[in-house]
Amino acid sequence: MERNTYMNLKVINSLVTYFISAVWLINGLFCKVLNFEPRHQQIVSRILGGEYTSELTILIGLSELVMVVWVLSRFKSRLNAIFQITIVLVMNIIEFFFASDILLWGKFNIIYGCLFVALVYYNEFVLIKKINKDVVS
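Small disclaimer: the values here were computed from a predicted structure and weren't measured. (Residues numbered from 1 in each chain as written. Predicted model: local features only at pLDDT ≥ 70, side-chain atom pairs only at ≥ 80, totals over all residues. Heavy atoms only, no water.)

Caption draft 1: Up close: the nonpolar core. Core analysis: the largest hydrophobic core is formed by 13 residues, its most contacted members being I20, W24, V71, V88, F116 and V120. Elements with a contribution of two residues or more to this core: α1 (3–33), α3 (53–73), α4 (77–98) and α5 (109–136). Here the element with the most residues in this core is α5; it accounts for four residues. Setting aside residues no more than four positions away along its own chain, V71 makes contact with T17, I20, S21, W24, N80 and Q84. (Core = buried A, V, L, I, M, F, W, Y, C linked by side-chain atoms within 4.5 Å. Buried < 20%, exposed > 50% of the residue type's maximum accessible area, 1.4 Å probe, protein only. Helix = DSSP H or I, 4+ residues; strand = E, 2+ residues; numbered from the N terminus. Contact = heavy atoms within 4.5 Å.)

Quick look at the structure:
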């Protein structure tokens, strides 16, 4: 593969990585920690109960901010991708059955979750493989 293609793949990988981290940042910081989107607290309340909804929502948001750092650090990126995929799929399945009426796109929210999962998978397991194959070649 020529150098130009290699550089293009690296740029695409970086942009997708920044996009993925931005999704976690927006959902964690703005939607949960700063509570700009109260629907997130409603979802947490519905699934985990209402007694500590605010605190649990903030803790979930903070864990999403840890995910931002982990994604950007690229430390153990395959493990990170598997972790993201698992979390997003489990969360979307639970929300589908217990809180779909509160979700932004209702039951269709699971489609966006699956698209996000596909993007994480593609970025880590397809793009990186192409980039690393090019380096070896």
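Still more ground to cover, so stick around.
Caption draft 2: Focus on the packing of aromatic side chains. Counted under the stated rule, the structure contains six aromatic pairs. Their ring planes at 80 degrees and their centres at 5.1 Å tell us that F96 and F97 sit as a pair that is edge-to-face. A residue is classified by how much of its surface remains accessible, and F97, at 61% relative accessible area, is exposed. Here K107 stacks its cationic end above the ring of F96, 4.3 Å away from the centre of that ring. (Phe/Tyr/Trp six-rings, centres within 6.5 Å; stacked < 30°, edge-to-face > 60°. Lys NZ or Arg CZ within 6 Å of the ring centre and 35° of its normal.)

Caption draft 3: Representation of α4 in the model. The end-to-end C-alpha distance of α4 is 31 Å, a good match for the 32 Å that 22 residues give at a rise of 1.5 Å each. Looking at α4, one finds that the buried residues are N80, A81, Q84, I85, V88, N92 and E95. Taken end-on, α4 shows its buried residues confined to a sector of 135 degrees, consistent with a single buried face. Away from its buried face by more than 90 degrees, α4 exposes F97 and F98. (Expected span 1.5 Å × (residues − 1). Arc of directions from axis to C-beta.)

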